[in-house]
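Descriptive analysis of the structure
Single-letter residue listing:
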Amino acid sequence: MSITSEKIDGKIITVLIKSSNITSASYDTESEDLTITFNTGGVYVYNNVPWTLFTKFRLADSQGKFFNEKIAKNHKYTKVK
């Protein structure tokens, strides 16, 4: 699992991820919302994810494992799609 590309567009940072579970992640540096797109097509927004946590997520050896352990269970989320 690894990040294949990263794009910064204003306050939004989007990373494409090669993972068995996650396709991409977009982080809003202003609202601290993290949008995760899963390989299944599901899109979820996780709220109040600190910048430091998003940085650790990007640098993790396995974004999927880090996401499951540190973000999924600890932050409120909304299903978008």
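As the structure is a computational prediction, the values presented were derived from the model and not from experiment.

Conventions adopted
Residues numbered from 1 in each chain as written. Predicted model: local features only at pLDDT ≥ 70, side-chain atom pairs only at ≥ 80, totals over all residues. Heavy atoms only, no water. Axes fitted to C-alpha atoms, helices over the stretch in contact; angles between N-to-C directions. Helix = DSSP H or I, 4+ residues; strand = E, 2+ residues; numbered from the N terminus. Parallel < 35°, antiparallel > 145°, perpendicular 65-115°, else oblique. Contact = heavy atoms within 4.5 Å. Nonpolar A, V, L, I, M, F, W, Y, C, P; charged D, E, K, R; others polar. Pairing = 2+ DSSP bridges. Salt bridge = Lys/Arg side-chain N within 4 Å of Asp/Glu carboxyl O. Buried < 20%, exposed > 50% of the residue type's maximum accessible area, 1.4 Å probe, protein only. Polar contact = N/O pair within 3.5 Å; in protein donor to acceptor, adjacent residues only side chain to side chain.

**Some details on the packing of helix α1 (residues 51–59) against helix α2 (residues 63–72)**
Relative to each other, α1 and α2 sit at 150°, their axes nearing to 8 Å. The orientation of α1 with respect to α2, classified from their angle, is roughly antiparallel. Judged by residue contacts, Leu-53, Lys-56, Phe-57 and Arg-58 of α1 engage Gln-63, Phe-66, Phe-67, Lys-70 and Ile-71 from α2. When grouped by side-chain class, the residues that make up the contact of α1 with α2 number five nonpolar, one polar and three charged.

**Structural notes on the sheet that holds strand β3 (residues 22–28)**
Taken in spatial order, the six strands of this open sheet run β1-β2-β3-β4-β5-β6, and their pairing is antiparallel. With one partner strand each, in any of the chains shown, β1 (2–9) and β6 (77–79) form the two edges of the open sheet. Neighbour to neighbour, the strand axes of the sheet diverge by 20° on average, direction disregarded. With four bridges connecting them, strand β4 (residues 33–38) and strand β5 (residues 43–46) associate as antiparallel partners. Following the sheet pairing, Leu-34 is matched in β5 by Tyr-46. Its contacts with the sheet put α1 on β1, β2 (12–18), β3 and β4, and the angle it makes with β2 is roughly 30°.

**Notes on the pattern of salt bridges**
This structure, assessed with the given rule, holds three salt bridges. Asp-28 is paired through a salt bridge with Lys-11; the nearest N and O atoms lie 3.4 Å apart. Of this pair, Asp-28 sits in strand β3 while Lys-11 sits in the loop between β1 and β2; the two residues are 17 residues apart in sequence, bridging distant segments of the chain. Judged by relative accessible area, which is 36%, Lys-11 ranks as partly exposed. Glu-30 serves as the salt-bridge partner of Lys-11, at 3.5 Å between the closest nitrogen and oxygen. With a gap of 19 residues between them, Lys-11 in the loop between β1 and β2 and Glu-30 in the loop between β3 and β4 connect regions that are remote in the sequence. Linked through salt bridges whose partners overlap, the residues forming this network are Lys-11, Asp-28 and Glu-30.

**Side note on the side chain of Asp-28**
Residue classification places Asp-28 among the buried positions, given a relative accessible area of 13%. Looking at Asp-28, its side chain comes within polar contact range of the main-chain nitrogen of Glu-30, at 2.8 Å. Those residues in contact with Asp-28 that lie beyond four places of it in its chain are Lys-11, Ile-12 and Asp-33.

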